[in-house]
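# Chains, contacts and geometry: an overview
One letter stands for each residue in the lines below.
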Amino acid sequence: MDVATNERAAMHAHLDEVYTMLPFTPAKGAGVWLEDAAGRRVLDLYGGHAVAALGYGHPRLSDTIARASRDLVFQTNALPLKIRDEAADALAEFAPPGVGRVFFVNSGAEANENALKMAFRVNKRTHIAAFEFGFHGRTPGAGAMTWGAAEKWYGLPRTPFDVTFIPRGDSSLFAKLITDKTAAVFIEPVQGLGGAYDFGAEFLHALRKHCDSVGALLVFDEVQCGMGRTGHAFAANMYGVQPDMITVAKALGNGFPVAALLTSPKVSAAIKLDAMGTTYGGGPMACACVEAVIEAIESEKLLDRVRRVSSYIRETCAVGPVTGFQGAGHLLGLRLNRPAKEVHAELLEVGILAGTATDPSILRLLPPFILEEQHVDILRDALTHLS
Ligand SMILES: Cc1ncc(COP(=O)(O)O)c(C=O)c1O
């Protein structure tokens, strides 16, 4: 073992080894930059898996966390909280019309578990449909509808319900695969881990129409693509498609763990006392963060900025190994002429952190919404120097 490997092994002595870790140990962050203890700076175009929408050290969020921690670190859902109502109001207003009821939870997977429960409650059916290459989380229900989980990591002896996986991009298969047995169809309108794959307006409108014709609910998993990442509040806004439920997490708290299930009147009518529950979901600090994130996105006009800077990436970064682009806003896939793993490692060596995806030739960018053109120029110059 070399010195660096030895040091890493000592550092992780008590952590389960379930993650492949990159050779950079951030100690702090400012804006779109991360810095290690030795002062090495890395441009973060991955945002902690799409979480750090406002980047690092954002004054509004830092002040909010400091104030909220002094006011009341935690209280349960057994007591009403003004900040919980305010956060729900802000999120319902930020979301597309028609999904105006909010249930706060802690993670994307937990939001999807509750969406599943509500789907089965509304539609007394036994099947779920989801898409190939989709990712919905690691818990029993969310994992059951995650593409490839059964072969890779699912681990439980059986899944709790039947799932039909639909190939991407072929709406002619809907009639065969989404039927009057389907309780709900779950889809990431722009897939994250699947490679920043954008299903597009025509496909999603056809999906909505077919779900209506067979009485299946449509659930948009916007855990990764929601909260402004596409340059629109939600992908549902961008495409003008009205889902029955939306799940959201990641950027919602900019790193403070919080997620939510948004429901239409049809679904919320089925939500009775005790239908769902959680200890930490809807806690005061999480809710203060939700409100602060939405205020920052709106007051700093970050949706406009995401659209503008994302276009700039597409205009300037078709250089070096990059042959094309897919995705939307700051959920962007750079198609490469060689394995993304190699380019990912080479970029980190020169101080740029990006992401990979299930598709081995896609380099995935999930930068903070505060990214500017000058940062894109750094990426372009680095890519230009890679063959
Ligand atoms: C689209 C999507 N859904 C669900 C999840 C699961 O979220 P969490 O890790 O917060 O449980 C993720 C996480 O990457 C995701 O990208």
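Turning next to the pairing of strand E14 (residues 331-336). A regular strand carries its side chains on alternate faces of the sheet. Counting buried positions along E14 gives five out of six residues, so the element sits mostly inside the fold. Here strand E13 (residues 322-328) runs beside E14; their pairing, made up of six bridges, is antiparallel. By the bridge assignment, Ala328 is partnered in E14 with Leu331. Here E13 folds back onto E14 in antiparallel fashion, the turn holding two residues, of which Gly329 has a positive phi close to 55°. Both E14 and strand E16 (residues 362-365) contribute to a ladder of four bridges, which runs antiparallel. Across the sheet, the residue bridging to Leu332 is Leu365, located in E16.

To continue, consider the packing of helix H3 (residues 59-71) against helix H12 (residues 284-299). The geometry of H3 relative to H12 is characterised by a closest axis approach of 9 Å and an angle of 155° between their N-to-C directions. The pairing of H3 with H12 is recorded here as roughly antiparallel in orientation. When you trace H3 past H12, the crossing you get is right-handed. Only Met285, Ala288, Cys289, Ala292, Val293, Glu295, Ala296 and Ser299 of H12 make contact with H3, whose side of the interface consists of Arg60, Leu61, Thr64, Ile65, Ala68 and Ser69. Considering only residue class, the contact of H3 with H12 consists of nine nonpolar, three polar and two charged.

Neighbouring the ligand are Ser107, Gly108, Ala109, Asn112, Phe135, His136, Gly137, Glu188, Asp221, Val223, Gln224 and Lys250. At a separation of 2.8 Å, an oxygen atom of the ligand approaches a polar backbone atom of Gly108. The separation between a nitrogen atom of the ligand and a polar side-chain atom of Asp221 is 2.8 Å. Summarising the interface, the protein chains cover 79% of the accessible area of the ligand, which totals 390 Å² for the free molecule. No other element matches the three residues that helix H5 (residues 108-122) contributes to the shell around the ligand. Among the residues forming the shell around the ligand, the class breakdown is three nonpolar, six polar and three charged.

With that settled, the discussion passes to the sheet that holds E13. Overall, antiparallel pairing links the three strands, which are arranged E13-E14-E16 in an open sheet. Both outer strands of the open sheet, E13 and E16, are each paired with one neighbouring strand and no more. When the angles between neighbouring strand axes are averaged without regard to direction, this sheet yields 25°. The strands touched by helix H14 (residues 340-349) are E14 and E16; relative to E16, the strand with the most contacts, the crossing angle is about 45°.

Turning to the layout of surface pockets, a few remarks are in order. In this structure, the second largest pocket spans a volume of roughly 700 Å³. Taken together, 23 residues line the second largest pocket, and the ones lying closest to its centre are Arg101, Val102, Phe103, Ile271 and Met276. Elements that contribute at least two residues to the lining of the second largest pocket include exactly helix H4 (82-94) and strand E4 (101-105). For the lining of the second largest pocket, the leading source of residues is H4, giving five residues. Residues belonging to the lining of the second largest pocket are distributed by class as follows: nine nonpolar, eight polar and six charged.

Moving on to the nonpolar core. Membership of the largest hydrophobic core comes to 99 residues, with the highest contact counts inside it found for Leu207, Met227 and Phe234. Broken down by element, the residue count for this core peaks at 11 residues, all from H12. Once residues lying within four places of it in the same chain are set aside, the contact partners of Met227 are Leu91, Phe94, Ala233, Phe234, Val248, Ala249, Ala251, Leu252, Val293, Ile294, Ile297 and Phe369. Among the nonpolar cores identified, the runner-up in size contains 27 residues, and Phe103, Phe186, Met245 and Ala275 belong to it.

Ordered by their spatial adjacency, seven strands build an open sheet running E4-E12-E11-E10-E7-E5-E6, and the pairing between neighbours is mixed. Edge positions in the open sheet fall to E4 and strand E6 (162-166), since each of these has one partner strand only. Averaged over neighbouring strand pairs, the angle between their axes works out to 20° when direction is ignored. One ladder, built from four bridges, connects strand E7 (residues 182-187) with strand E10 (residues 217-221); its direction is parallel. Each bridged residue has a counterpart across the sheet, and for Phe186 the counterpart in E10 is Val219. Docked against the sheet, H5 engages E4, strand E5 (127-131), E7, E10, strand E11 (245-248) and strand E12 (259-263), running at close to 25° with respect to E12.

Attention shifts here to the side chain of His330. Inspection of the secondary structure assignment puts His330 in the loop between E13 and E14. His330 sits in the buried class, given a relative accessible area of 0%. In this view, His330 contacts Arg229, Val306, Val309, Ser310, Ile313, Leu365, Leu366, Pro367, Pro368, Phe369 and Leu371; residues no more than four positions away in its chain are not counted.

Scoring rules and cut-offs
Residues numbered from 1 in each chain as written. Predicted model: local features only at pLDDT ≥ 70, side-chain atom pairs only at ≥ 80, totals over all residues. Heavy atoms only, no water. Buried < 20%, exposed > 50% of the residue type's maximum accessible area, 1.4 Å probe, protein only. Helix = DSSP H or I, 4+ residues; strand = E, 2+ residues; numbered from the N terminus. Pairing = 2+ DSSP bridges. Axes fitted to C-alpha atoms, helices over the stretch in contact; angles between N-to-C directions. Parallel < 35°, antiparallel > 145°, perpendicular 65-115°, else oblique. Left-handed = near helix turned anticlockwise from the far one by under 90°. Contact = heavy atoms within 4.5 Å. Nonpolar A, V, L, I, M, F, W, Y, C, P; charged D, E, K, R; others polar. Near = heavy atom within 4 Å. Polar contact = N/O pair within 3.5 Å; in protein donor to acceptor, adjacent residues only side chain to side chain. Areas by Shrake-Rupley, 256 points an atom, 1.4 Å probe, with all protein chains shown as cover. 1 Å grid on protein atoms, 1.4 Å probe; cavity = no way out; pocket = protein on both sides within 12 Å on 5 of 7 lines; lining within 4 Å. Points joined across faces, edges and corners; volume = space filled by probe spheres on them. Core = buried A, V, L, I, M, F, W, Y, C linked by side-chain atoms within 4.5 Å.

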